[in-house]
Amino acid sequence: MSLAKRIIPCLDVDNGRVVKGVKFVAIRDAGDPVEIARRYDEQGADELTFLDITASSDNRQTLVQVVEQVAGQVFIPLTVGGGIRNTDDIRRLLNAGADKVSINTAAVSNPDFVQQAAEKFGSQCIVVAIDTKKVSPAGQAGRWEIFTHGGRKATGLDAVEWARRMVSFGAGEILLTSMDRDGTKSGFDLGVTRAIAEAVSVPVIASGGVGTLDHLVEGILQGHADAVLAASIFHFGEFTIEQAKQRMQQAGIEVRL
Amino acid sequence: MIHVAVIDYGMGNLHSVAKALQHAPVATRIEVTHDHRVIRQADHVVLPGVGAIRDCMGEIRRLGIDKIVAEVVDQGTPLLAVCVGLQALMRFSEENQGVAGLNLLPGDVKFFGATLSGAGNGERLKVPHMGWNQVAQVADHPLWRGIVPNSRFYFVHSYYVQADSPDLVAGRCVYGIPFAAALARANIFAVQFHPEKSQRAGLTLYENFLAWDGRV
């Protein structure tokens, strides 16, 4: 009897539709977010994450409506991220039915925002998303830095130090994405996952690179993540959440079946 | 028509509680409110809560929620307390350098600690305790009806309840240490987990709550 490791399908939402890109270029339409959310809930997803990749503010209102609709039908935790800049953005999403919000770029440009948000809404609903790239040469001790703007903009911030700092500011969870791996289907960057999972006291969600069910297992057993996030392997029907959980259970991981 | 008051004292997201109650297949009128008159007349009362206990207790006292909750407990109205709502019912919490609670249930709220580790494998456990954990139904109660023993519920908390007496404990969970996941006494049922985020098992618990007359 112990806490289950979580599987979190991620829905990238653009203008009210779920899309999935490769290395941040949106290519395939994966469908209606409410319908997809219901399907994942039925398959036993432990949580859902919605990332708003819409550029314009008009369309952001669309995501709020999506969250509202999903929250009325799906009774598992919902995390929403993408473009969250101030406490009004957070309040709007929590009122729509989100349980947690994921702060990314705004944490880098204004770290105090994380502290304000955690004080106002509680750490339990503040996820800090960090996008990392490996900067150390092959064969040397791993070093990863924080990148923003879909992995295009270097910040010079050390990823492990940054994760620690965000937790000290009140982040209740870290959503860790390897930009080197995102969309490649070659597996998580287990080095950075483990480095951060061991450095912080709060749960870490591994993200970026899942192409097989064994990648999910590796994220937990080798990366020491508390939860694993994936998008495309679920969206296009390659695998169901149930299959993923069965594989994890076979590998000796505690899951909710 | 069952009239339910979900007590709103400005802390956290009450919409998901209201939505889960609305999902039950019985006719309900749900009001999210801190109006004493509405709470007093409700058939069922829910005391939710998220966030830090000092802020919660501050608002509870400012709005007189302490008095109205004591009143509905006295008059026998079925009361469901959720997460920090449960912690608020206790005598004392260690959080925020120590905060007095409503003292409606005997027991204290303690920190999981920074050095929690798993039984057996010694794995360091993260705090908050976040995710789906199993709840053992250690007492028979109408709110457990139709819920498979040891079902998983969704938790997110860094502090846990230690009840003075095991007689109060209706559900037990283990995260490094055993703790009370559900307490029950007379017309009070209080849970540490979030039934509104616990899918089928949680929705069943809300349905059971709506069908409960407050007696055990």
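Conventions adopted
Residues numbered from 1 in each chain as written. Chains lettered and ligands numbered in written order. Predicted model: local features only at pLDDT ≥ 70, side-chain atom pairs only at ≥ 80, totals over all residues. Heavy atoms only, no water. Helix = DSSP H or I, 4+ residues; strand = E, 2+ residues; numbered from the N terminus. Rg over C-alpha atoms; globule rule 2.2 N^0.38 Å. Contact = heavy atoms within 4.5 Å. Expected span 1.5 Å × (residues − 1). Buried < 20%, exposed > 50% of the residue type's maximum accessible area, 1.4 Å probe, protein only. Buried area = accessible area lost by both parts, 1.4 Å probe. Salt bridge = Lys/Arg side-chain N within 4 Å of Asp/Glu carboxyl O. Polar contact = N/O pair within 3.5 Å; in protein donor to acceptor, adjacent residues only side chain to side chain.

Asks: Describe the overall build of chain B, listing the residues and the values that go with them.
Replies: Helix and strand counts for chain B come out as six helices and 14 strands. Compactness check: chain B gives a C-alpha radius of gyration of 16 Å against a globular reference of 17 Å for 216 residues, within 12% of the reference. For the C-alpha atoms alone, the extent of chain B along its principal axes is close to 50 × 40 × 30 Å. By sequence separation, contacts in chain B at least 24 residues apart represent 70% of the contacts at least 6 residues apart.

Asks: Tell me about the environment of Thr79 of chain A, residues and numbers included.
Replies: Within the secondary structure layout, Thr79 of chain A lies in strand β5 (residues 78-81). Expressed as a C-alpha distance, the spacing of Thr79 of chain A and Ser102 of chain A, which sit 23 residues apart in the sequence, is 6.7 Å.

Asks: Got a sec to walk through helix α6 (residues 199-211) of chain B? Specific residues and values, please.
Replies: Compared with the 18 Å implied by 1.5 Å per residue over 13 residues, the 19 Å span of α6 of chain B between its first and last C-alpha is a close match. Among the residues of α6 of chain B, those classed as buried are Gln199, Ala201, Gly202, Leu203, Thr204, Leu205, Tyr206, Asn208, Phe209 and Leu210 of chain B.

Asks: Explain the side chain of His44 of chain B residue by residue, including any values.
Replies: Residues and elements named next belong to chain B. Considering the arrangement of structural elements, one finds His44 in strand β3 (residues 44-47). Judged by relative accessible area, His44 falls into the buried class, the value being 6%. Not counting chain neighbours up to four residues away, the residues in contact with His44 comprise Ile2, His3, Val4, Ala5, Thr77, Pro78, Phe209, Leu210 and Trp212.

Asks: Give a description of the interface of chain B and chain A that names residues and reports values.
Replies: Across the boundary between the two partners, chain B contributes 34 residues, which contact 38 residues of chain A. Together chain B and chain A conceal approximately 2,800 Å² of surface at their shared face, both sides included; 53% is due to carbon and sulfur atoms. Among the residues chain B hides against chain A, the three largest losses belong to Lys126, Met130 and Trp132 of chain B. Together they make up 25% of the total. Connecting chain B to chain A are three salt bridges. A salt bridge links Lys126 of chain B to Asp226 of chain A; the nearest nitrogen and oxygen atoms lie 3.4 Å apart. Applying the counting criterion to the chain B and chain A interface returns 18 residue pairs in polar contact (both at pLDDT 80 or more). At the level of elements, α1 (15-23), β8 (129-134), β10 (152-157), β12 (169-175) and α6 of chain B are the ones that each hand at least two residues to the side of chain B that touches chain A. Considering every element that reaches the side of chain B that touches chain A, the biggest residue donor is β8 of chain B, with six residues.

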